[in-house]
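As a plain string of letters, each chain reads:
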Amino acid sequence: MTPLPQKAIAKAILNNHGQTYAHQAGIRLRDAPAPLFQLLSASVLMSSPVENDKALQATAALRKAALDTPKKMAEASRETRAEVIGTHGYQQLNLQGSKQLGKTAEFLLRRYYGDLRQLRAEAGHDVAMEHRLLRQFNGVGKAGADIFLREIQGLWHEVYPYVDARVMTAARKLNLPGDAFRLSRLVARVDFPRLVAGIDRIGQSDHPNRLIAEMG
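The paragraphs below set out a description of the structure included in this document. (Residues numbered from 1 in each chain as written. Predicted model: local features only at pLDDT ≥ 70, side-chain atom pairs only at ≥ 80, totals over all residues. Heavy atoms only, no water.)

## Topic: empty space enclosed by the protein
Taken as a whole and judged by the stated rule, the model has one cavity of 30 Å³ or more. Looking at side-chain class alone, the lining of the largest cavity contains three nonpolar, three polar and two charged residues. (1 Å grid on protein atoms, 1.4 Å probe; cavity = no way out; pocket = protein on both sides within 12 Å on 5 of 7 lines; lining within 4 Å. Points joined across faces, edges and corners; volume = space filled by probe spheres on them. Nonpolar A, V, L, I, M, F, W, Y, C, P; charged D, E, K, R; others polar.)

This is how it looks when you write it as structure tokens:
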């Protein structure tokens, strides 16, 4: 069977799996304090050893419970946060997740007045510095910073094209380029965050071969 051209593979990923994690969690991503914080919360929850889908269910539940700004998250009790995420897919680590979300919100308020755009300004729009500053938040770490930057690259122009090691590994298994610049040439700039999320989704799936076969 003749392998699909790389552009055809990329198109199939967009068609079948091309949804950003922010969109899956119901976050209307804009360069504004509240949605940026919601993405940061998702990055915290997705950094733990919990399935992405469950972490995103918990993220969506936080937004529906009006815990969608750093002030509201910090003011909520640890028990309230734990109950919200624990009843929406984050059962085993709900207390740890609640603590991390609370500390993240408190630090964001104290250091950046609740606005991650100030972190971007402090970093001087330097991606490596943005990555380092994101790792200040409780529970984010390298994986969480990677998730945040992959998702925000459609809004923060200096980040594009952003692909971390995990996505590069998954891309190579799909016979796609293993570096950000060559990968970005396969789709329009506006679609690149969706492509990256789709590649990651396939790579992290329990049934990657089935998902690959769907692209036919």
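Continuing now.
## Here's the deal with the packing of aromatic side chains
Note on aromatic pairs: each is described by the distance of the centres and the angle between the planes. For the coordinates displayed, the defined rule picks out four aromatic pairs. Judged by centre distance (6.4 Å) and plane angle (45°), the rings of tyrosine 112 and phenylalanine 137 are tilted. Pair noted here: tyrosine 112 is in helix H7 (residues 94-112) and phenylalanine 137 is in the loop between helix H9 (127-134) and helix H10 (141-152), with a separation of 25 residues, a long-range link. Phenylalanine 137 shares its class with tyrosine 112; the two are buried. An aromatic cluster of three or more residues is present, and its members are Phe107, Tyr112 and Phe137. (Phe/Tyr/Trp six-rings, centres within 6.5 Å; stacked < 30°, edge-to-face > 60°. Helix = DSSP H or I, 4+ residues; strand = E, 2+ residues; numbered from the N terminus. Buried < 20%, exposed > 50% of the residue type's maximum accessible area, 1.4 Å probe, protein only.)

## A short note on the nonpolar core
Core analysis: the biggest nonpolar cluster contains 46 residues, and Phe137 and Phe148 have the highest contact counts within it. Put simply, the parts of the chain that give this core at least two residues each are helix H2 (21-24), helix H3 (33-46), helix H4 (52-64), helix H6 (78-86), H7, helix H8 (116-122), H9 and H10. Among the elements that take part in this core, H3 stands out by supplying eight residues, more than any other. Apart from residues lying up to four places away in sequence, phenylalanine 148 is in contact with Leu36, Leu39, Leu40, Ser43, Leu116, Leu134 and Trp156. (Core = buried A, V, L, I, M, F, W, Y, C linked by side-chain atoms within 4.5 Å. Contact = heavy atoms within 4.5 Å.)

## Observations regarding the pattern of salt bridges
Taken as a whole, this structure holds 12 salt bridges when the rule is applied. For aspartate 31, the salt bridge goes to arginine 120, with nearest N and O atoms at 3.7 Å. With aspartate 31 in the loop between H2 and H3 and arginine 120 in helix H8, this residue pair connects regions lying 89 residues apart in the sequence. Among the ionic pairs, glutamate 122 bridges to arginine 111, the shortest N-O distance being 2.7 Å. On the criterion of sequence distance, the pair formed by glutamate 122 in helix H8 and arginine 111 in helix H7 is long-range, its members being 11 residues apart. According to the relative accessible area criterion, glutamate 122 is partly exposed, its value standing at 39%. (Salt bridge = Lys/Arg side-chain N within 4 Å of Asp/Glu carboxyl O.)

## Things to note about the side chain of glutamate 158
Locating glutamate 158 in the fold gives a position in the loop between H10 and helix H11 (165-173). The class of glutamate 158 is buried, set by a relative accessible area of 15%. In terms of polar contacts, glutamate 158 uses its side chain to reach the side chain of arginine 120, at 2.7 Å. Non-local contacts of glutamate 158, meaning those with residues more than four positions away in its chain, are made with Arg120, His125, Val127 and Glu130. (Polar contact = N/O pair within 3.5 Å; in protein donor to acceptor, adjacent residues only side chain to side chain.)

## A closer look at the environment of leucine 36
When you line up the elements, leucine 36 lands in helix H3. On the accessibility criterion, leucine 36 (0% relative accessible area) is buried. Counting along the chain gives 51 residues from leucine 36 to threonine 87, while the straight-line C-alpha distance between them is 24 Å. Beyond its immediate chain neighbours, meaning those up to four positions away, leucine 36 contacts Arg30, Asp31, Leu116, Arg117, Phe148, Ile152 and Trp156.

## Observations concerning H3
Between its first and last C-alpha atoms H3 spans 20 Å; for 14 residues at 1.5 Å apiece the expected length is 20 Å, and the two agree. H3 sits mainly inside the fold: 12 of its 14 residues count as buried. (Expected span 1.5 Å × (residues − 1).)

## Topic: H7
With 19 residues, H7 should reach 27 Å at 1.5 Å per residue; the first-to-last C-alpha distance of 26 Å fits that figure. Those residues of H7 hidden inside the fold are in contact with H3, H4, helix H5 (70-75), H6, H8 and H9. Phi for tyrosine 113, located one or two positions after H7, is positive at around 55°.

## Regarding the side chain of aspartate 164
Residue placement: aspartate 164 occurs in the loop between H10 and H11. Residue class for aspartate 164 comes out buried when judged on its relative accessible area of 4%. Looking at aspartate 164, its side chain comes within polar contact range of the main-chain nitrogen of arginine 166, at 2.9 Å. Of note is the side chain of aspartate 164, whose polar atom sits 3.2 Å from the backbone nitrogen of valine 167.

## Topic: the packing of H9 against H10
In contact at an axis separation of 9 Å, H9 and H10 are set at 130° when each is read in the N-to-C sense. Here H10 runs oblique to H9, going by the angle between their axes. Note on packing geometry: the crossing formed by H9 with H10 is right-handed. Within the contact between the two elements, H9 uses Val127, Glu130, His131 and Leu134 and H10 uses Lys142, Ala145, Asp146, Phe148 and Leu149. Of the residues belonging to the contact of H9 with H10, the class tally is five nonpolar, one polar and three charged. (Axes fitted to C-alpha atoms, helices over the stretch in contact; angles between N-to-C directions. Parallel < 35°, antiparallel > 145°, perpendicular 65-115°, else oblique. Left-handed = near helix turned anticlockwise from the far one by under 90°.)

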